Structure formats: structure tokens, C-alpha cells
Amino acid sequence: MHSSPPSPARGIGSLGLSLALLSAFAFGGSGTAAKPLIEAGLSPLHVVWLRVAGAALVLLPLAYRHRAALRQRPGLLVGFGLLAVAGVQACYFAAISRIPVGVALLIEYLGPPLLLAYVRFVQRKPVSRAAAIGAAVAVTGLACVVEVWNGLGFDALGVLFALGAACCQVGYFVLADAGRRGERPIDPIAVSAFGLLIGAVVLTAFTRPWEADWSLLGGSVSMNGHSLPALLPAAWMVLVATVLAYLTGVVAVQHLSPPVAGVVANLEAVVATVLAWVLLGEHLGTPQLLGGLLVLVGAFAAQTSKPAAPAAPAEGCRRDGAAGPRDERDTGPRSEPRDSVRGSA
């Protein structure tokens, strides 16, 4: 018996999943790196500005190299900067100022179910049952990870801010996917670089970084009783939790679909909780361990699901009655993995 060689689509799907996992792990370390800086005296908003502005500065040479993207898809780049960078950060921090962090995090990570709803009802594309179940299981796991029952205070405005963060998270995945579509696809590096640049400009207007005491970065901070240079967590937050996280995340969405990449991104909350346990001494309880397992199961179920079969004209005929090849614009490029839920912006 001869084994058939792996298909290119399966290889692309594996690459997309690997990048999505790497992105989730990179994003998950942002809170652990930011907490010592906040405890040293920087405000949360100033730490967010440092994260985004530092990443934008690092990616500035890449933005200059891909400057043609500004002429090709200016609306997409501005939208990514406003929603995927500035919007997510601003709405999330506004939410945690009014409601418990765990509740805000859970609401923000309603993004995957919202993505499925967007693909199903706005784009009118089929969504597999397995992907929907995977998203529901992942969100249930998140509720356990953040122990949402420990802080069920209700503040209408805080909940609205958290929902705004969830909607902006949907924009992250949809716009990252849209970059490769249309007549003028652009490099995902350009999406990340210009998105962070635009996000940094917007956040500058709101956070007023000139009011912060940046001399703190020249000193030391404490992490779980250990002293370390403040520049170390700052560099990790900028280079790994932002630059690497955005670059790999945007590329992953372009190899997977927005709904699948969104469910895999739920692992960020698990990573953040585990890193807080290891590096900050914030121990995990049984519900959190169980929740992490549910998130893993949900992400795996969504990633391995096959797309629901769309309703096709009988005998491969087009609506005008003439037989012809399948329209690639309706299903996306053939190089996409067969085991993902397709979505486009």
C-alpha cells in the first residue's frame, strides 16, 4: 500500500494553526509583563501606549518598505488600526475601570461566537455545527478560567465597553482576512505595521503619554518577589506580546478562517492565567484548570471541523442555466485548508 502525499491545503492549514497558537501564546504574556510596570507606578493606559507605540516604532522600517499599501487599501489599514489596535485596548481598559477584570475578559472573548454569527448572517456563508459547538465550549471554558462567578457586579456602561472590545476583536479577524482578498491584496506584514502605527497615533491622543513618569523604566521592578530591570518586561511586552503576536496572528487568519482563528485565540486567556501562576504566583484552582481544558477542546473541535456544504445549483450549473466551473470568488482561493470554516470580509 502506498500512502498519498500530504495535500498543499493540509500543509497550509497546519502552518496557519501553528501561527495562531504562537500568536495566542505571545498575546497571553502581555498581562504578565505589564503588571510589574503598573505596580511600579505607570498607569494601565500608559503601559498600553508603551506597548503599541514601541511595537509601531519597531515595525516602522517594515511599514516604510510596504508604503504602497497605503495607496492600495487605505480604508482597511485605518480600520485595522482603529478597531484591532486602538479600539480593543481602549474599550477593554474602559470596561475594567467599571466591572471586574474577569467579567470584562469573558465578554471580550465572546468574539468567536460573534464571528460565527457575522459569517453566517452577514456574509451568508455556511458554518459547520462543530465550529459552533467548539466556540460555545471555549467560551464556557473561559468562564471557568476567569472565575466569572466571583465578580458578577453589573454595570451597564462597563458591559457595553466590554462588548465594544468584543466587536473590535471581531474586526481584528475580519480585517486581517480581508487583506488577502479583493483585486489588491496586501502583505499581512503591512496590515500589522500600519495598524500599529495608526493605533499608536490614536492612543496618543487619549493617553497623553507626556504626563507619565518614564524614568521608571530605568529602574527595577518586582515580579513575584524577584527584582529585575524594568526594561526587561517592557521589551517582552513590545517585542513578543505585540510585534510577534500581531504579525503571526494576522498571517494565521489568512491561512485559516476568521472563525477558526478566533476560537484558537481563546487560548490567550489560558496562557495568561498559566503565566500569572508561574511568574506572578497567582495560583490556579480546579475550576480554572478545568476551564483551560475546555478551551483546548473547543479550539481543537473548531480547527478540525469541516465547512458545512453550501447549497449549490443542481448538476454544477450556474443560475443562468449554463454549466461552468465553480466561481472562486464564492468559496475563496483553492489553497485554503479544507478543514476550516471559510469567511471573508
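Below, the structure is looked at part by part. (Residues numbered from 1 in each chain as written. Predicted model: local features only at pLDDT ≥ 70, side-chain atom pairs only at ≥ 80, totals over all residues. Heavy atoms only, no water.)

**Observations regarding the overall build of the protein**
This is how the line gets drawn: Put simply, DSSP marks the helices as runs of H or I at least four residues long and the strands as runs of E at least two long, and each gets a number from the N terminus on. Burial here depends on accessible area, computed with a 1.4 Å probe over protein chains only, as a share of the maximum for the residue type. Under 20% is buried, over 50% is exposed, and the range in between is partly exposed. We call two residues in contact whenever any of their non-hydrogen atoms come within 4.5 Å of each other. Under the convention used here, a 1.4 Å probe and the Shrake-Rupley method define accessible areas, while residue burial counts only the protein chains that appear.
Summing up its helical and strand segments, the protein has 16 helices and two strands in all. Sorting the 345 residues of the protein into buried and exposed places 49% on the buried side. Long-range contacts, defined here as pairs at least 24 residues apart, represent 86% of the contacts in the protein between residues at least 6 apart. When the accessible surface of the protein is totalled, it reaches about 16,800 Å², and 66% of it is carbon and sulfur.

**Details of helix α6 (residues 74–96)**
Heads up, the rule is: Any helix carries an expected span of 1.5 Å times its number of residues minus one. Note on bend: at a given residue it equals the angle between the axes fitted to the 7 residues ending there and to the 7 starting there.
Across its 23 residues, α6 extends 32 Å between first and last C-alpha, which sits within 8% of the 33 Å expected from 1.5 Å per residue. The sharpest bend along α6 comes to roughly 45°, located at Gly87.

**Quick look at the pattern of salt bridges**
Opposite charge on two side chains lets them pair, provided their charged atoms get close. Selection criterion: Any carboxyl oxygen of Asp or Glu within 4 Å of a side-chain nitrogen of Lys or Arg constitutes a salt bridge here.
Counted under the stated rule, the structure contains one salt bridge. Taking the shortest distance from any N to any O, the salt bridge between Glu211 and Arg208 comes out at 3.7 Å. Residue classification places Glu211 among the exposed positions, given a relative accessible area of 52%.

**Some remarks on the packing of aromatic side chains**
Condition: By convention, a stacked pair of Phe, Tyr or Trp rings (six-membered ring in the case of Trp) has centres within 6.5 Å and planes under 30 degrees apart, an edge-to-face pair has planes over 60 apart, and any other such pair is tilted. Put simply, a charge is over a ring when the Lys NZ or the Arg CZ is close to the ring centre, within 6 Å, and near the line of the ring normal, within 35 degrees.
Enumeration according to the criterion identifies six aromatic pairs in this entry. Arranged with centres 5.1 Å apart and planes meeting at 75°, the rings of Phe27 and Tyr246 form a pair that is edge-to-face. Residue Phe27 is located in helix α1 (residues 8–28), and its partner Tyr246 is located in helix α12 (residues 231–255); the two are separated by 219 residues in the primary sequence. Neither residue differs from the other here; Phe27 and Tyr246 are each classed as buried. Centre to centre, the rings of Tyr172 and Phe173 are 4.8 Å apart; their planes meet at 85°, and the pair counts as edge-to-face. Using a relative accessible area of 8% as the deciding quantity, one classes Tyr172 as buried. On the basis of relative accessibility, which here comes to 6%, the residue Phe173 falls in the buried class. Looking at Arg67, its charged tip hangs above the ring of Tyr64, at a distance of 4.2 Å from the centre.

**Some remarks on a nonpolar patch on the surface**
Note the threshold: Exposure above 30% relative accessible area and no salt bridge define the residues that can form patches, which grow by joining like charges within 9 Å and nonpolar side chains of Val, Leu, Ile, Met, Phe, Trp and Tyr within 5 Å.
Together, Val274, Trp277, Val278, Leu279 and Leu289 line one region of the surface with nonpolar side chains, adding up to about 410 Å² of accessible area. Tallying contributions element by element places helix α14 (residues 267–280) first for the nonpolar patch, with four residues. Position of Val278 relative to the elements: it lies in helix α14.

**Overview of helix α2 (residues 30–40)**
Those residues of α2 not exposed but buried are Ser30, Thr32, Ala33, Ala34, Pro36 and Leu37. Gly41, located one to two residues past α2, shows a positive phi value of around 130°.

**Examining the packing of α6 against helix α11 (residues 188–207)**
What counts is decided by this rule: Fitted lines through C-alpha atoms give the axes, limited to the stretch in contact for helices. The angle between two N-to-C directions lies from 0 to 180 degrees. Here a crossing is called left-handed whenever its near helix is offset anticlockwise from the far helix by less than a right angle, and right-handed whenever the offset is clockwise.
At a minimum axis distance of 7 Å, the contact between α6 and α11 shows a crossing angle of 65°. You can see that α6 and α11 cross each other, and the crossing is right-handed. Counted together, Leu76, Leu77, Val78, Phe80, Gly81, Leu82, Val85 and Ala86 of α6 and Ala190, Val191, Ser192, Phe194, Gly195, Leu196, Ile198, Gly199, Val202 and Leu203 of α11 form the full contact between these two elements.

**What about the pairing of strand β2 (residues 226–229)?**
Two faces make up the sheet, and in a regular strand the side chains alternate between them. Condition: Strand pairing is assigned whenever DSSP detects at least two bridges linking the two strands.
As paired elements, strand β1 (residues 220–223) and β2 share four bridges and run antiparallel to each other. Looking at the pairing, Ser222 lines up with Ser227 of β2. Hairpin geometry of β1 and β2 is characterised by an intervening segment of two residues between the two adjacent antiparallel strands and by a positive phi of about 55° at Asn224.

**Here we look at the environment of Asp187**
Under the convention used in this document: Any pair of nitrogen or oxygen atoms within 3.5 Å is treated as a polar contact; in protein, a donor-acceptor pairing is required on top of that, and neighbouring residues in sequence qualify only through side-chain atoms on both sides.
If you trace the backbone, Asp187 turns up in the loop between α10 (156–178) and α11. For Asp187, a relative accessible area of 32% corresponds to the partly exposed category. A sequence separation of 121 residues divides Asp187 from His66, and the C-alpha atoms of the two residues are 7.9 Å apart. Within the structure, Asp187 has its side chain in polar contact with the backbone nitrogen of Ile189 (distance 2.8 Å).

**Overview of the side chain of Ser23**
Within the element layout of this structure, Ser23 appears in helix α1. Discounting residues that sit within four places of it in the chain, Ser23 has contacts with Tyr172, Ala245, Thr248 and Gly249.

**A closer look at the environment of Gly171**
Considering the arrangement of structural elements, one finds Gly171 in helix α10. Of the residues examined, Gly171 reaches a relative accessible area of 9% and is grouped as buried. In sequence terms Gly171 and Ala84 are 87 residues apart; their C-alpha atoms lie 6.1 Å from each other.

**Concerning the nonpolar core**
The condition is simple: Buried residues of nine kinds, namely Ala, Val, Leu, Ile, Met, Phe, Trp, Tyr and Cys, make up a nonpolar core once their side-chain atoms join them within 4.5 Å.
Leu77, Phe80, Tyr172 and Leu196 are the most contacted members of the largest nonpolar core, which has 57 residues in total. Of all the secondary structure elements, the ones that give two or more residues to this core are α1, α3 (44–58), α6, α10, α11, α12, α13 (258–264) and α14. What Phe80 contacts, discounting residues up to four positions off in sequence, is Val85, Tyr172, Leu175, Ala176, Val191, Ser192, Gly195, Tyr246 and Val250. With 14 residues, the next largest nonpolar core counts Leu37, Leu50, Ala212 and Ala230 among its residues.

**Observations concerning the packing of α2 against α12**
Each pair of packed helices can be described by the angle between their axes along with the distance between the axes. Stated precisely, the cut-off is as follows: Should an angle fall under 35 degrees it is taken as roughly parallel, and over 145 as roughly antiparallel, whereas 65 to 115 is taken as roughly perpendicular and any remaining angle as oblique. Under the scheme applied here, ten amino acids are nonpolar (Ala, Val, Leu, Ile, Met, Phe, Trp, Tyr, Cys and Pro), four are charged (Asp, Glu, Lys and Arg), and all others, including Gly, are polar.
Running from N to C, α2 and α12 point in directions that differ by 155°, and their axes come no closer than 8 Å. Here α2 lies roughly antiparallel to α12, going by the angle between them. When you trace α2 past α12, the crossing you get is left-handed. In contact with Ser30, Ala33, Ala34 and Leu37 of α2, α12 contributes Pro233, Ala234, Trp236, Met237 and Ala241. Here the residues of the contact of α2 with α12 sort into eight nonpolar, one polar and no charged.

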